[in-house]
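One-letter residues, chain by chain:
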Amino acid sequence: MISKQHLIDRFISYVTVDTESDPSSKTTPSTKKQWNLAHQLVNELKSIGLSNVTIDEHAYIMATLPSNLDYEVPTIGFISHFDTTPDFTGANVKPQIIENYDGKDILLNEKENIVLSPQYFEDLLLYKGQTIITTDGTTLLGADDKAGIAEIISAMEYLINHPEIKHGNIRIGFTPDEEIGRGAHKFDVEKFGADWAYTMDGSEIGELEYENFNAAGAVVTVKGKIVHPGYAKGKMINSMYIAQKYINALPAKETPEHTSGREGFFHLYSIQGEVEQTTLEYIIRDHDKKRFEERKEEMIALVKSINSDLNQDAIEITINDQYFNMREKVEPVMHIVDIAEKAIKKAGITPIIKPIRGGTDGSQLSFMGLPCPNIFAGGHNFHGRYEYVPVESMQKAIEVIVNIAQITAEKKLS
């Protein structure tokens, strides 16, 4: 496969470019700085020999590795996103390379005493003896999902340099703004032209996912009345107290920190409050569609109940669906999951097939007509200072991509 150093150099060239997205922006991409890496990727795709390399006015990148077969097979795609989350800064990323990891604490930042420890992050011990890329403790790394991009480009480069490996047409897609839920919004599925695709956007080596949350966002707005506190008796209405009542009325154990697997949750992620108005922002998640709809109804019913108790319309709620469980669209074409599972096993890896406790571009793309399971990219602890990726996991992801291409080449169309 691609040499370890070549892969490291490629990955670092991506993560050192700041591509943080911005949920408050109305443009696509949401930040101008995403264009910097987008243009870099376009040049790289051309330089390794891919054809039909395009970038549109919204920074969606597509390219083709033409078939080297004398018969038709399905056209497959591989997709990753180049933005990083606004949850934690991605500016001035300074990767650190830990060779032959010894299984002990990794000092990320001596000045601030920031330590990546296997005592807290037990998965680190899976990679003893391997090469691990970490942050310097002051930024995220950006393996989500620049590891996926490095793997896809490296796999295409490998196939180009090894024409004896048979494959059909392969389409490549790189998207902006996935981290703010918009990565697939302006993706041209018809132009992409694949029968199905895979996002390389999972975490631990071996992961293969074709289920994800049904997702919605809710904004709860609470109105109050401000009066001088010295003369407030019977007049002041403190919106923050009403908001507190709303928060406490939702199930206390149905939150991210108390749930796992297919269990859903209500997640309060932002509060902005003063006496006159308090705004609560929630995300609603559940793998089960019926329970997902019930959760939305619970939040609406609670608004009505509190308003009734107060005898006034103090609370308003708006709920917007964000994405749905791709399982509904993937199950009718389960052979695409079977191919990925076979490819992972062929690489000597035990597949870890589990639901995603989140979403990917693939969840939206599946409902847009492009079934799109998710495969591991190798990183851990995304969206924060403790993010890391083992290089050997990235090498295995490249191998899986090549294996998928080979296995699909055996699916001759009649």
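What counts as what
Residues numbered from 1 in each chain as written. Predicted model: local features only at pLDDT ≥ 70, side-chain atom pairs only at ≥ 80, totals over all residues. Heavy atoms only, no water. Phe/Tyr/Trp six-rings, centres within 6.5 Å; stacked < 30°, edge-to-face > 60°. Helix = DSSP H or I, 4+ residues; strand = E, 2+ residues; numbered from the N terminus. Buried < 20%, exposed > 50% of the residue type's maximum accessible area, 1.4 Å probe, protein only. Lys NZ or Arg CZ within 6 Å of the ring centre and 35° of its normal. Salt bridge = Lys/Arg side-chain N within 4 Å of Asp/Glu carboxyl O. 1 Å grid on protein atoms, 1.4 Å probe; cavity = no way out; pocket = protein on both sides within 12 Å on 5 of 7 lines; lining within 4 Å. Points joined across faces, edges and corners; volume = space filled by probe spheres on them. Pairing = 2+ DSSP bridges. Axes fitted to C-alpha atoms, helices over the stretch in contact; angles between N-to-C directions. Contact = heavy atoms within 4.5 Å. Polar contact = N/O pair within 3.5 Å; in protein donor to acceptor, adjacent residues only side chain to side chain. Parallel < 35°, antiparallel > 145°, perpendicular 65-115°, else oblique. Left-handed = near helix turned anticlockwise from the far one by under 90°. Core = buried A, V, L, I, M, F, W, Y, C linked by side-chain atoms within 4.5 Å. Arc of directions from axis to C-beta.

1. Side note on the packing of aromatic side chains
- Counting across every chain of the model gives 10 aromatic pairs.
- Taken together, a centroid distance of 6.3 Å and an interplanar angle of 75° make the contact between Tyr60 and Phe187 edge-to-face. Of this pair, Tyr60 sits in the loop between strand S1 (51–55) and strand S2 (61–65) while Phe187 is found in the loop between strand S8 (170–175) and helix H4 (189–192), placing the two residues 127 residues apart along the sequence.
- Centre to centre, the rings of Tyr127 and Tyr388 are 6.3 Å apart; their planes meet at 70°, and the pair counts as edge-to-face. Note that Tyr127 is positioned in the loop between strand S6 (114–116) and strand S7 (132–134) and Tyr388 in strand S17 (residues 388–390), a separation of 261 residues in sequence.
- Judged by its relative accessible area of 1%, Tyr388 is buried.
- Here the aromatic residues Tyr60, Phe187 and Phe192 are joined through ring pairs into a cluster of three or more.
- It is Arg295 that lies over the ring of Phe266; its NZ or CZ is 4.9 Å from the centre.

2. Here we look at the pattern of salt bridges
- The full count for this structure, using the stated rule, is 19 salt bridges.
- Two residues, Arg10 and Glu157, come together in a salt bridge whose shortest N-O distance is 2.9 Å. Here Arg10 is found in helix H1 (residues 4–15), whereas its partner Glu157 is found in helix H3 (residues 143–161), with 147 residues between them in sequence. Each of the two residues, Arg10 as well as Glu157, counts as buried.
- A single salt-bridge network, built from bridges that share partners, covers Glu254, Asp286, Lys290, Arg291, Glu294, Arg295 and Glu298.

3. Notes on the layout of surface pockets
- Taken as a whole, the largest pocket spans an internal volume of roughly 1,900 Å³.
- Lining the largest pocket are 50 residues; nearest its centre among them are Arg285, Tyr323, Gly358, Gly359 and His383.
- Listing elements by their share of the lining of the largest pocket, those giving two or more residues are strand S9 (196–202), strand S10 (207–209), strand S11 (214–223), strand S12 (265–273), strand S13 (277–286), strand S14 (315–323) and helix H9 (361–367).
- Counting residues per element, the lining of the largest pocket draws most heavily on S14, at 5 residues.

4. Section: the sheet that holds S13
- Taken in spatial order, the 4 strands line up as S12-S13-S11-S14 in an open sheet, and their pairing is antiparallel. Across the chains shown, the open sheet's two edge strands, defined by having one partner strand only, are S12 and S14. Each strand of the sheet is rotated relative to its neighbour by a mean of 15°, with strand direction disregarded.
- Bridging between S11 and S14 involves 8 bridges; their strand directions are antiparallel. The partner of Val219 across the bridge, within S14, is Thr318.
- Against the sheet, helix H5 (residues 239–249) engages S11, S12, S13 and S14, with an angle of about 15° to S13.
- Its contacts with the sheet place helix H6 (residues 289–310) against S11, S12, S13 and S14, and it is angled at close to 170° to S14.

5. Overview of the side chain of Glu211
- Relative to the helices and strands, Glu211 resides in the loop between S10 and S11.
- Polar contacts involving the side chain of Glu211 include one to the side chain of Arg327, which spans 3.2 Å.
- With residues up to four places along the chain from it excluded, the contact list for Glu211 reads Arg262, His287, Asn325, Met326, Arg327, Pro355 and Ile356.

6. What about the packing of H3 against helix H10 (residues 391–409)?
- Following both chains from N to C, one finds H3 and H10 inclined at 50°, their axes separated by 9 Å at the closest point. As far as their axial angle goes, H10 and H3 are oblique. In the packing of H3 onto H10, the handedness of the crossing is right-handed. For the pair H3 and H10, the contacting residues are Ala147, Ala150, Glu151, Ile152, Ser154, Ala155, Met156, Tyr158 and Leu159 in the first and Met394, Ala397, Ile398, Ile401, Val402 and Ala405 in the second.

7. Quick word on the nonpolar core
- Ranked by internal contacts, the top residues of the largest apolar core, which has 69 residues, are Phe11, Phe78, Met156, Phe174 and Ile404.
- Ignoring sequence-local partners within four residues, the contact set of Phe78 consists of Ile152, Met156, Ile170, Arg171, Ile172, Gly173, Phe192, Tyr198, Met200, Ile401 and Ile404.
- Of all hydrophobic cores here, the second largest spans 21 residues; its members include Tyr246, Phe266, Ile284 and Met299.

8. Observations concerning the packing of H5 against H6
- In the contact formed by H5 and H6, the axes pass within 11 Å of each other and the chain directions differ by 135°. In terms of axis orientation, H5 runs oblique to H6. The chirality of how H5 crosses H6 is right-handed. Facing Ile242, Lys245, Tyr246 and Ala249 of H5, the residues of H6 in contact are Met299, Leu302, Val303, Ile306 and Leu310.

9. Topic: H5
- Every buried residue of H5 is accounted for by Ser239, Ile242, Ala243 and Tyr246. For H5, the arc enclosing every buried residue in end-on projection is 100°, short of the 170-degree limit, so these residues lie on one face. Turned more than 90 degrees from where H5 packs its buried face, Tyr241 and Asn248 sit exposed.
- Those residues of H5 that are buried lie in contact with S11, S13, H6 and S14.
- Two or three places before Met240, at the opening of H5, Asn238 has a side-chain oxygen 3.0 Å from that residue's backbone nitrogen.

10. Quick word on the pairing of S9
- Among the 7 residues in S9, 7 count as buried, and that is most of the element.
- As paired strands, strand S3 (residues 76–81) and S9 are joined by 4 bridges and run parallel to one another. Its bridge partner lying in S9, Ile79 is registered against Thr199.
- Two strands pair when backbone bridges link them, and S9 and strand S16 (residues 374–376) are joined in this way by 3 bridges, in the parallel orientation. Note on S16: the bridge partner recorded for Met200 is Ile375.

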